[in-house]
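What follows is each chain in one-letter form.
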Amino acid sequence: MSSQADFQDFRDVQLVKRAAIDAASSGNNTLVAAVTGKKIRVLALTVTMTGTAVTIRFEDGAGGTALTGQMQPTQGQTVTLPFNPVGWFETSAATLLNLELGGAQSVDGVLVYIEA
């Protein structure tokens, strides 16, 4: 079990970062590149399906471990995870954040994250 200090990383100053989501390829789509020795912790996000419905899933690395279940929003539907100060999910250290698409459709949005 993680200690509170590990969970919230009180030791380090963390800068909030943002990344655009503009994915359209079936399979793996890198959202945030890996950072040596750091986890990518997602604090908030919003994505909109601009094409027909496909499944989306956030993963720990390309083709990696699922960080969320598969979601299947319909065309034009928006999925929003409001700001969560402790984060919705995070990658392993030194691992990229991946968006897996179940088909070649446009998914657009933004995410807010920290490197922990």
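Everything quoted here is computed from the prediction, not taken from an experiment.

(A) Broad picture of the environment of V16. With respect to the helices, strands and loops of the structure, V16 is situated in the loop between α1 (4–8) and β1 (17–23). The residues touching V16, leaving out its near neighbours within four places in the chain, are V112, Y113 and I114.

(B) Here's a closer look at the side chain of D60. If you trace the backbone, D60 turns up in strand β4 (residues 56–60). K39 provides the closest opposite charge to the buried, salt-bridge-free D60, at an N-O distance of 9.4 Å. Excluding residues that lie within four positions of it along the chain, D60 makes contacts with T65, L67, T91, S92, T95 and L96.

(C) Region of the structure containing the nonpolar core. Ranked by internal contacts, the top residues of the largest apolar core, which has 22 residues, are L31, V32, L45, L97, L99 and L111. Secondary structure elements with two or more residues in this core: β1, β2 (27–32), β3 (40–49), β4, β6 (78–81), β8 (97–101) and β9 (107–115). Ranked by residue count, the leading element in this core is β3, at five residues. Excluding its chain neighbours within four sequence positions, the residues that come into contact with L99 are I21, A23, G27, N28, N29, L31, I56, R57, F58 and V107.

Conventions we followed
- Residues numbered from 1 in each chain as written.
- Predicted model: local features only at pLDDT ≥ 70, side-chain atom pairs only at ≥ 80, totals over all residues.
- Heavy atoms only, no water.
- Helix = DSSP H or I, 4+ residues; strand = E, 2+ residues; numbered from the N terminus.
- Contact = heavy atoms within 4.5 Å.
- Buried < 20%, exposed > 50% of the residue type's maximum accessible area, 1.4 Å probe, protein only.
- Lys, Arg positive; Asp, Glu negative; His and termini not counted.
- Salt bridge = Lys/Arg side-chain N within 4 Å of Asp/Glu carboxyl O.
- Core = buried A, V, L, I, M, F, W, Y, C linked by side-chain atoms within 4.5 Å.

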